[in-house]
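# Commentary on secondary and tertiary structure
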Amino acid sequence: MINQSKIILLLSFFLFLNLTQATAQRQMEYLNRGVVAVPAGGDSVFVSWRMLGTEPEETAFNLYRKTGNNKKPVKLNKKPITESTNYTDAGVSQSQATAYFVRPVLNGKEQEPSEAAAVWRQNYLTLPLQTPEGYSPNDASVGDLDGDGQYEIIVHMTGRSRDTPSNGFTDEPIFHAYTLEGKLLWKINLGKNIREGAHYTQFIVIDMDGDGIAEFACKTADGTVDGKGKVIGDASKDWRDKNGKILQGPEYFTVFDGRTGAALATADFIPGRGDLCGWGGVGGNSGNDCDGNRVDRFLAGAAYLDGKLPSVLMARGYYGRSVIAAWDWRDGKLTSRWVFDSEDGENPFSGQGNHSLSVNDIDRDGKDEIVYGAMAVDDNGQGIYTTGLRHGDALHVSQLDPSNPDQLAWGIHENETNATGYGVALYNARTGDIIWGGEEGKDVGRGLAADIDPRNPGAEMWWNGNKGLYNVKGERISKNPSSTNFAIWWDGDLLRELLNGNHIDKWDYAQEQQVRLLTAEGATSNNGTKATPALSADLFGDWREEVILRTEDNQSLRIYTTIIPTNHRLYTLMHNPQYRLSVSWQNVGYNQPPHTSFYLGHGMQKPPRPDIVVPTKGGTKTGTSKR
C-alpha cells in the first residue's frame, strides 16, 4: 500500500507536471495515412486508416471506394466520420471494390486525398522473402527507408545459433530489408566474427539524424559485408576459438544507410571486452565466468537524450558490470555522447540489468531515461537509482495506474540464489520506490502487465506459475491467464489482448478463461517457448496493432491486422515517442511487447497530444503538433 508520505509526493508531482514544459520537440518520422482494406466476410470490407499525432483534434474524414471499371469513386459516409478511423463497407464483394482512400475534412472542407489501398486477398498480407538456404526469418524491425511515409521491414535471418554459455560454431548473422510489396532492398552479412544468438545480435532501426530516412545500426566485426558489398575490417581474420566463441579481435559499431545498406560510419565498439573475468557480480546467480557467458551479453535501444533526435544505445553486461554507450549520428558524423559504466560488483548499479531494457521519459522533462531492469540511467548518462532486486527476464514500463502520474515498472526477477528480494515487483519508474512485490527469493521467468479486466482501474499483473491475477495495489482479483508472453491491442475495446505463438486470445474476466480471436494457420512464432512474433506494432490502419509472423516454410512473412470495428479514436501509436522507441528495441534480448507513455486501457482519459515535429514526405519541410 502507498503510505501518506508517498501520497504527498504524488500530489507534489502532479503540481510539478502542471508547471513543467518540455525543453524541445522530438522529431519523429513522417507517416502517410496508412489506409488498409481487408475482406471481413459476408461480402464486406473492413477499412482502417491513421489519425496522425500532428493533426488537429477536430479532423474528420470522408471515405471513398474505387472500382475497377474507372467509374467515379463513391463516397461511403453521409456525414464526415468523427468517432473513429475505421469503417465496414457492407454488402460489397472484392470484385466490386478494388481500392479505398480517405480525405481529411477540416472546417467543412476536404483536404488532399490519401494514397489508395487495394483490398487484400485474405486477412493477412503476404511478404515473400529470399531466405538463405538453411536459415529462417526471425526478429524484425521497421523503419521508413525511402521517406515515403510507409514502413519497410528489416528481417534478421538466422541459421545455427548458440546461447552464450554454449560451445559450438554458429552461422553468420544476415539482415534483409524489404518493402511491403516484397522487394528486397539490401542484404548485410555480419560475418563469421559475430556470433549468432539472442544475446549477441542486437540491431536498431531508427532515423538518427532527422533526414526522414531510417538508419540501421548494430555491432560489427572483421569481415562484415555491407549492403553494397564493401567489407568492414579485415576479411581474412577468423577470431573464433576452438569452441566457436569469439573472445578476441576487434569489435566495431556501424551505422548503415537505410536506403542501400551501405556502411556510413564505423567506430570501435564501446565498451571493449576488457578483462573477460570482470563481468560477474551480484546479479543472476551471483557467479562469474571467464569464457564469454557474461562478457558477451548485449542489449540495444534508442532514446531522445537531447529531446530532439534519437541516439542509439549499445549496452554490454547485466549480471555484474553493466555498460551503456550512447551514440549520435548527426551531419554525417558518428560520435559518442556518453558512457555509463557500473565498473565492478561493489557498485550498487552492478548486477541490476535485464534481458531487455525500456526507454522512457520517466521525469517528464522531454528527454528519455533508460530503465535498465532494476535500475535507471538518466538522459545524461548518470545513474538515478537501483531497486537492488537484481537481474531479471521480463520488464514492462508504462503508466500502469491511471491515478498515478508516474510511469510504473513491472519487473520479473530471477533471484536464483534464493536471496532476499522479490521475484516479481511493481515499482515507481521515476524514483525506484517499490509499491508491492511477491515471490520472495524465487526465480520467476516470465510475467505481463496489461489492462485485461475492466472491473479494476489500471493494468493487471501476472506471472508464470498460476499464482493469480493482481491489480496495481497488489490485490489478487482472480485466476490468471496461462499466456504470459506478449500483449496486443486487437479488438474493439480499450483492453489489451493476449498474443502467444500464432494466436490471439481475449481474457474473459467473468469466466476466467481465454477466448480465441485469431489463429494464424500456416504461420508460426519465433524463439522457442518464448513464442514471440517477428514483430508486433501499430504498422498501419487505426491505433490497433498488427502482428508479423513467419510462415512455417520460412519463405514468407505474414502481417495480420484486425477486422474488428472500434468506436475509440486515438492517434497512431507510432507517433507516441515511447511506443515508437519500444518498437525499435522490441527485438532485443528477450523480446517484450511495446507500451505507450500514457495509460491506454478501460476508463482512460484522452491522451495528451504528442509534442513532436514531423517532416513532410521526403524530409524537406516540418509540421508541428498542436498541444
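Here, residues in each chain are numbered from 1, in the same order as that chain's written sequence. Per-residue local features are limited, in this predicted model, to residues with pLDDT of at least 70; the limit for side-chain atom pairs, both in listing and counting, is 80 or more; totals at the level of whole chains, interfaces and linings are taken over all residues. To get the side-chain values, all heavy atoms of the structure are used, and hydrogens and water are removed first.

### Structural notes on the pairing of strand 7 (residues 99–106)
Only protein chains enter the area calculation, which uses a 1.4 Å probe; residues under 20% of their type maximum are buried, those over 50% are exposed, and those in between are partly exposed. Under the DSSP-based scheme used, a helix requires at least four consecutive residues in state H or I and a strand at least two consecutive residues in state E, with every element numbered from the N terminus. Burial within strand 7 is extensive, with six of its eight residues counted as buried. Whether two strands pair comes down to DSSP finding at least two bridges between them. Here seven bridges tie strand 4 (residues 60–66) to strand 7, and the two strands are oriented antiparallel to one another. Of the residues in strand 7, the one forming a bridge with K66 is A99. The pairing of strand 7 with strand 9 (residues 117–118) spans two bridges and is antiparallel. Bridge pairing in strand 9 places Y100 opposite A117. Examined bridge by bridge, strand 7 and strand 8 (residues 109–110) share two bridges and lie antiparallel to one another. In the sheet register, V105 faces strand 8, and the bridge partner there is E110. Between strand 7 and strand 8, which follow one another and run antiparallel, lie two residues, and N107 among them has a positive phi close to 55 degrees.

### Observations regarding the confidence of the model for the protein
A residue's pLDDT is the confidence the predictor assigns to it, expressed on a 0 to 100 scale. Of all residues in the protein, 93% have pLDDT values of 70 or greater, and the mean over the chain is 92. Contacts between residues were defined by any pair of non-hydrogen atoms, one from each residue, lying within 4.5 Å. A low-confidence stretch, residues 1–22 stays under pLDDT 50, and its non-local contacts, those more than four residues away or across chains, total 24 contacts.

### A short note on the pattern of salt bridges
Whenever a carboxyl oxygen of Asp or Glu lies within 4 Å of a side-chain nitrogen of Lys or Arg, that contact is scored as a salt bridge. By the definition in use, this model includes 31 salt bridges. One salt bridge connects R580 with E29, and the closest N-O pair in it is separated by 2.5 Å. In this pair, R580 is assigned in helix 2 (residues 577–584) and E29 in the loop between strand 1 (26–27) and strand 2 (36–39), connecting sequence segments 551 residues apart. For the pair formed by R580 and E29, the shared burial category is buried. R259 is the salt-bridge partner of D257, the closest N and O atoms lying 3.3 Å from each other. One salt-bridge network, in which partners are shared between bridges, spans K219, E251, R273, D296 and R316.

### Side note on unusual backbone geometry
Between I270 and P271 the backbone carries a cis peptide bond, its omega angle lying at 0 degrees. Positioned with a positive phi, D43 is a non-glycine residue whose angle comes to about 55 degrees. Its place among the elements puts D43 in the loop between strand 2 and strand 3 (44–48). Look at E512: it is not a glycine, yet its phi comes out positive at around 55 degrees. With respect to the secondary-structure elements, E512 resides in the loop between strand 39 (503–508) and strand 40 (513–519). Among the residues examined, E512 registers a relative accessible area of 28% and is labelled partly exposed.

### Here we look at the packing of aromatic side chains
Pairing of aromatic side chains here covers Phe, Tyr and the six-membered ring of Trp, requires ring centres within 6.5 Å, and sorts the geometry by plane angle: under 30 degrees stacked, over 60 edge-to-face, intermediate tilted. Within this structure, the stated rule accounts for 19 aromatic pairs. Ring centres of W410 and W463 lie 5.8 Å apart, and the angle between their planes is 45 degrees; this geometry places the pair in the tilted category. A residue pair is termed long-range when its members are at least 10 positions apart, and W410 in strand 30 (residues 408–413) and W463 in strand 34 (residues 460–463) qualify at 53 residues. Accessibility expressed as a relative area gives 0% for W410, which makes it buried. What makes W463 buried here is its relative accessible area of 4%. A ring pair is formed by W463 and Y470, whose centres lie 5.1 Å apart and whose planes are at 20 degrees; its orientation type is stacked. Across this residue pair, the class does not change: W463 and Y470 are buried. Two conditions define a charge sitting above a ring: the NZ of Lys or the CZ of Arg must be within 6 Å of the ring centre, and it must be within 35 degrees of the ring normal. Seen from the ring of F269, K219 lies directly overhead, with NZ or CZ sitting 5.8 Å from the centre.

### Focus on the nonpolar core
If you look at the biggest cluster of nonpolar residues, it comprises 55 residues, and the most contacted ones within it are Y100, I153, L539 and L600. Residues belong to a common nonpolar core when they are buried Ala, Val, Leu, Ile, Met, Phe, Trp, Tyr or Cys residues joined through side-chain atoms within 4.5 Å. Counting 44 residues, the second largest nonpolar core, distinct from the first, contains L299, A326, W327 and M375.

### As for the side chain of E546
Looking at the secondary structure, you find E546 in strand 43 (residues 546–551). When charges are tallied, Lys and Arg are placed among the positive residues and Asp and Glu among the negative ones, while His and the ends of the chain are skipped. Here E546 occupies a buried position and makes no salt bridge, while the nearest side chain of opposite charge, R50, is found at 7.2 Å. Sequence-distant contacts of E546, that is, excluding residues within four places in its chain, are made with I488, L535, S536, A537, D538, L539, F540, I559, Y560 and T561.

### Considering the sheet that holds strand 28 (residues 383–386)
On the basis of which strands lie adjacent, the open sheet formed by four strands has the order 25-26-27-28 and antiparallel pairing. Pairing within the sheet leaves two strands with one partner each, and these edge strands are strand 25 (358–360) and strand 28. On average, adjacent strands in this sheet sit at an angle of 20 degrees to one another, irrespective of strand direction. Taken together, the two bridges between strand 26 (residues 369–371) and strand 27 (residues 375–377) define a ladder with antiparallel strand orientation. By the bridge assignment, V371 is partnered in strand 27 with A376. Whenever a helix is involved, its axis is fitted only over the stretch in contact; in every case the axis is a line through C-alpha atoms, and angles between N-to-C directions fall within 0 to 180 degrees.

### What to know about the pairing of strand 39
Among the six residues in strand 39, five count as buried, and that is most of the element. In terms of strand pairing, strand 38 (residues 497–500) meets strand 39 through three bridges, oriented antiparallel. Along strand 39, the bridge assignment pairs L499 with I504. Taking the residues that link successive antiparallel strands as the turn, the strand 38-strand 39 hairpin has two residues, and the phi of G501 there is positive, at about 65 degrees. Looking at chain direction, strand 39 and strand 40 are connected through six bridges and run antiparallel. Each bridged residue has a counterpart across the sheet, and for D508 the counterpart in strand 40 is Q513. Counted along the chain from strand 39 to the antiparallel partner strand 40, the turn is four residues long, and its residue E512 has a positive phi close to 55 degrees.

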